[in-house]
Every structure is written in C-alpha cells, then in structure tokens.
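Structural features, examined
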Amino acid sequence: MTAELSPIDTAKYVAAKRAVDFVEHGMRVGLGTGSTAAYMVRALGDLVRDEGLRIRAVPTSTRTADLAREMGIEVITLDEAGWLDLTIDGADEVDGNLDLIKGGGGALLHEKIVAAASERMVVIADIGKEVATLGAFPLPVEVIPFGWKSTQAQIEEMLINMDVLARDTARRMTGDSPFVTDEGNYILDLSLARIGDAHRLSMALNQVPGVVENGLFLDTCDVVVLGHGDGRVETRDINAGTIQEDRLEVMETENLFTDLGN
Ligand code: 5RP
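The structure reproduced in this document is the subject of the present report. (Residues numbered from 1 in each chain as written. Predicted model: local features only at pLDDT ≥ 70, side-chain atom pairs only at ≥ 80, totals over all residues. Heavy atoms only, no water.)

1. Some points on the site of the ligand
- The environment of the ligand is formed by 17 residues, the closest being Ser35, Thr36, Asp92, Gly103 and Lys129.
- In the environment of the ligand, an oxygen atom lies 3.4 Å from a nitrogen or oxygen atom belonging to the backbone of Gly90.
- Note that an oxygen atom of the ligand is positioned 2.9 Å from one of the side-chain N or O atoms of Lys102.
- Bound to the protein, the ligand loses 93% of the 380 Å² it would expose on its own.
- Its residues assigned to classes, the shell around the ligand comprises 2 nonpolar, 10 polar and 5 charged. (Near = heavy atom within 4 Å. Polar contact = N/O pair within 3.5 Å; in protein donor to acceptor, adjacent residues only side chain to side chain. Areas by Shrake-Rupley, 256 points an atom, 1.4 Å probe, with all protein chains shown as cover. Nonpolar A, V, L, I, M, F, W, Y, C, P; charged D, E, K, R; others polar.)

This is the structure we're talking about:
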C-alpha cells in the first residue's frame with residue numbers, strides 16, 4: 001500500500017510512536033482518546049503483535065476500547081487495574097508548565113480519572129497544541145443533563161469574577177442533537193480566549209452544582225511529547241527538567257493508514 005501522511009498527521013504519528021517507548025512489558029497502561037491517541041493505540045498494537053509486548057490497558061472511551069481490542073491489546077477496567085503505571089493521552093492545549101486543556105473529544109471525565117490513577121502521565125500532541133497561555137481552545141466542561149441550563153447560567157455568573165478575556169458558553173452539539181458523553185452527560189464549551197488563573201477557575205467550576213468535571217488538567221502531566229510535521233519530536237520531562245530531540249521515520253504498517261478517525 002502506498003500512502004502518505006499530511007504534516008499534521010506526521011506530527012501526531014511521531015509523537016505517538018516516540019511515546020510508546022515509555023511502555024514496558026507487564027505495565028498497566030491508560031489509553032487516551034482522540035486522533036493522536038489512536039496513533040498511539042495502533043503503535044502499541046504493532047508492539048503487541050510483532051514483539052510480544054504484554055500489557056493490560058484501561059481505555060478512556062468506548063471508541064478507544066474498541067480500537068484497543070481490535071489491535072489485540074488486553075483491555076481491563078480501572079477497578080480491575082487498581083492503579084496504572086502510565087497513561088498516554090492527547091491534549092487540545094499544553095503550556096510551558098505542562099498544564100493542559102483536554103476534552104475536545106468529549107472524554108475528559110474518564111481521561112481525568114484515569115490520569116489521576118496513574119503513576120505517570122505522558123501527553124502526545126502535534127506542535128500546534130503548544131501555547132504560552134491556556135484558553136484559546138474552548139474549555140470543555142462536563143455537566144449532568146438535569147437542569148443544564150441553570151448550570152450554564154451559574155457558570156456564566158461565576159465567570160464574571162474570573163481572569164478570562166471572553167465569556168461565551170455553548171452546549172456542544174453533534175448535528176442537531178446534543179453531544180452526549182460516555183457517562184450520558186452534556187459538554188459545555190467555554191470560549192474564554194485567555195485563562196489568567198487556571199487553578200482558581202478549575203476550582204470554581206467544580207463547585208457549581210451540576211458540573212461533573214472540567215477539562216483543565218493541572219499539575220497532572222509529567223512528560224509531553226510534541227511532534228513536528230517533518231518528523232522531529234521533542235520530549236519534555238517536567239520532573240527531570242530535560243528536553244530531548246529526535247527524528248522519526250514514518251513506517252508504513254498494516255495498522256497505520258486505516259480508519260484513523262477519532
Ligand atoms: C479527548 C481529548 C483529546 O486528547 C484531545 O481532544 C486531542 O485530540 P486530538 O489528538 O484528536 O487532537 O482530550 O477528550
């Protein structure tokens with residue numbers, strides 16, 4: 001088969017490929033959600049099939065679970081795993097402290113629970129996700145359907161006292177229907193333009209009745225792997241204070257070019 005990845009997909013692929021180097025035999029691994037995470041699941045599938053890697057995985061969404069099973073990866077629940085050695089997940093924004101906005105794919109609740117239960121979180125993204133300050137990407141907030149309009153109104157009122165540049169909120173839609181998460185909840189996307197104090201905002205959001213969780217992942221990520229369209233990849237480790245640069249080739253594998261949607 002002849003196929004070529006676009007620069008953005010090359011960036012996602014090399015980040016994913018580099019990140020699976022962190023996975024060791026016997027590990028319990030959290031699997032993120034999204035297009036970059038899908039490359040990672042496929043790369044792990046190659047290692048399971050070709051190199052006999054044995055891991056047990058906890059996916060963060062039904063679509064990641066389906067893909068992992070398809071790739072021959074053993075899937076278990078978080079309760080069966082108890083604790084995870086490592087989680088690899090994507091992000092919508094990452095800043096210089098490795099704080100994140102996540103939830104563009106609507107899986108932020110499971111992603112946050114899985115990340116919190118992990119010894120280490122490795123985030124994979126194309127370089128376009130790197131920002132100086134969080135907030136240009138609309139912040140996803142998961143809310144329960146009961147009284148969601150009242151929850152939205154209270155969030156808007158709370159935002160008046162927050163250090164943000166814009167305050168637009170919208171329920172996420174899929175066509176004409178509301179988007180519904182794996183837990184049966186809605187997502188409110190908060191267009192804030194710039195978030196001045198992410199910790200304060202995160203705490204205030206989670207105090208609004210009806211809010212289940214928000215997409216700010218603060219002090220959670222240990223390593224970020226950023227891919228470039230030309231195959232370069234930067235691995236930044238916040239604990240070690242190191243930045244490593246590599247260049248990876250895109251290798252055609254049976255798994256790579258099929259069904260790479262979210
Ligand atoms: C899903 C997420 C994703 O990790 C995030 O949206 C990035 O997705 P992609 O890799 O497709 O850009 O948080 O809830």
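Resuming the write-up.
2. Let's talk about the side chain of Asp222
- Mapped onto the elements, Asp222 comes out in the loop between strand E14 (216–217) and strand E15 (223–227).
- Buried and unpaired, Asp222 has no salt bridge, with Arg120 as the nearest side chain of opposite charge at 5.4 Å.
- Within polar-contact distance, the side chain of Asp222 engages the side chain of Asn239 at 3.1 Å.
- Among all residues touching Asp222, those that are not within four sequence positions of it are Leu98, Glu119, Arg120, Met121, Arg236, Asp237, Ile238 and Asn239. (Helix = DSSP H or I, 4+ residues; strand = E, 2+ residues; numbered from the N terminus. Buried < 20%, exposed > 50% of the residue type's maximum accessible area, 1.4 Å probe, protein only. Lys, Arg positive; Asp, Glu negative; His and termini not counted. Salt bridge = Lys/Arg side-chain N within 4 Å of Asp/Glu carboxyl O. Contact = heavy atoms within 4.5 Å.)

3. A short note on the packing of helix H2 (residues 35–51) against helix H3 (residues 62–70)
- At a closest axis distance of 9 Å, the pairing of H2 and H3 adopts a crossing angle of 25 degrees. Taken together, the axis directions place H2 and H3 in an arrangement best described as roughly parallel. The crossing of H2 and H3 is right-handed. Across the interface between the two elements, Ala38, Val41 and Arg42 from H2 touch Thr64, Leu67 and Ala68 from H3.
- Of the residues belonging to the contact of H2 with H3, the class tally is 4 nonpolar, 1 polar and 1 charged. (Axes fitted to C-alpha atoms, helices over the stretch in contact; angles between N-to-C directions. Parallel < 35°, antiparallel > 145°, perpendicular 65-115°, else oblique. Left-handed = near helix turned anticlockwise from the far one by under 90°.)

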